[in-house]
Amino acid sequence: MKGLRVAVILLVVLEAGWITFDGAQALRTGGYLKPRLGAYGGRVGEWTRVASVLGAPPASTRAKWALIAYGIAWLCAAFVFARGVGWAWWVLFVFAGGALWYSILAVPLFLAQMLLLIAVRRDT
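Here the structure is a predicted model, which is why all the values come from computation and not from measurement.

Reading the values: the criteria
- Residues numbered from 1 in each chain as written.
- Predicted model: local features only at pLDDT ≥ 70, side-chain atom pairs only at ≥ 80, totals over all residues.
- Heavy atoms only, no water.
- Helix = DSSP H or I, 4+ residues; strand = E, 2+ residues; numbered from the N terminus.
- Rg over C-alpha atoms; globule rule 2.2 N^0.38 Å.
- Buried < 20%, exposed > 50% of the residue type's maximum accessible area, 1.4 Å probe, protein only.
- Contact = heavy atoms within 4.5 Å.
- Areas by Shrake-Rupley, 256 points an atom, 1.4 Å probe, with all protein chains shown as cover.
- Lys, Arg positive; Asp, Glu negative; His and termini not counted.
- Charge placed at Lys NZ, Arg CZ, Asp CG, Glu CD.
- 1 Å grid on protein atoms, 1.4 Å probe; cavity = no way out; pocket = protein on both sides within 12 Å on 5 of 7 lines; lining within 4 Å.
- Points joined across faces, edges and corners; volume = space filled by probe spheres on them.
- Nonpolar A, V, L, I, M, F, W, Y, C, P; charged D, E, K, R; others polar.
- pLDDT = per-residue confidence, 0-100.
- Expected span 1.5 Å × (residues − 1).
- Phe/Tyr/Trp six-rings, centres within 6.5 Å; stacked < 30°, edge-to-face > 60°.

Let's shift gears to the overall build of the chain. Along its length, the chain carries 5 helices and 0 strands. Shown N-terminal to C-terminal, the secondary structure of the chain runs as helices and strands in the order α-α-α-α-α. Radius of gyration (C-alpha) of the chain: 15 Å, near the 14 Å computed for a compact globule of 124 residues. When burial is assessed residue by residue, the chain has 37% of its 124 residues classed as buried. Once local pairs closer than 6 in sequence are excluded, the contacts in the chain between residues at least 24 apart make up 63%. Approximately 7,100 Å² of the chain is accessible, and the part contributed by carbon and sulfur atoms is 70%. Charged side chains of the chain number 12 positive and 4 negative; the gap between the two group centres comes to 6 Å.

This is how it looks when you write it as structure tokens:
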């Protein structure tokens, strides 16, 4: 069980860390990191549609800060999960599900995290 928890935390650090980094990079340079190849080559992920509908165009400072806040909140939830607080499981699950909109390239990581969280829940 401890190994599953560690795997979940490592995935959160990777995923939430990347989202935070991408938002901070965009805030600093004005542009998001984009894949060079494939169907999404040169384009930002699907989250831009969600952000636009919510009133924060992707190029806006508000959208960049929202990505940073999302990533940091997710990292904080992982810290609470690591401390063994029961409700943190739900928060991590919601954050992983909510991040499915971020990038089609990261969907397997988000799904893996959600499956590991379910495995952790079954072991307790």
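Having put the structure on the table, let's press on.
Our focus in this paragraph is the layout of surface pockets. Reported here for the second largest pocket is a volume of approximately 190 Å³. Trp47, Val50, Ala51, Leu54, Ala56, Ala63, Ala66, Leu67, Tyr70 and Trp101 are the residues that line the second largest pocket. Where the lining of the second largest pocket is concerned, the elements lending two or more residues are helix H2 (47-53) and helix H3 (61-82). By residue number, the principal contributor to the lining of the second largest pocket is H3, which donates 4 residues. Looking at the lining of the second largest pocket residue by residue, the classes come out as 10 nonpolar, no polar and no charged.

Atomic detail in the predicted coordinates should be set aside for any region of low pLDDT. Predicted confidence across the chain gives a mean pLDDT of 85, with 90% of residues reaching 70 or more. Mean pLDDT values for the elements of the chain range from 81 in H2 up to 94 in H3.

Bringing H3 into the picture now. With 22 residues, H3 ought to run about 32 Å at 1.5 Å a step, and its terminal C-alpha atoms sit 32 Å apart, in line with that. Within the span of H3, buried status applies to Ala63, Lys64, Leu67, Ile68, Tyr70, Gly71, Trp74, Ala77, Ala78 and Phe81. Elements that come into contact with the buried residues of H3 comprise helix H1 (2-29), H2, helix H4 (88-98) and helix H5 (107-123). Taken from the residues just after H3, Gly84 is the one with a positive phi, measuring 90°.

Attention now goes to the packing of aromatic side chains. Ring pairs (aromatic) are described by centroid distance and by the angle formed between their planes. Inspection of the entire model under this criterion finds 9 aromatic pairs. Judged by centre distance (5.7 Å) and plane angle (70°), the ring pair of Tyr70 and Trp101 falls under edge-to-face. On the criterion of sequence distance, the pair formed by Tyr70 in helix H3 and Trp101 in the loop between H4 and H5 is long-range, its members being 31 residues apart. Classification of Tyr70 by relative accessible area gives buried; the value is 19%.

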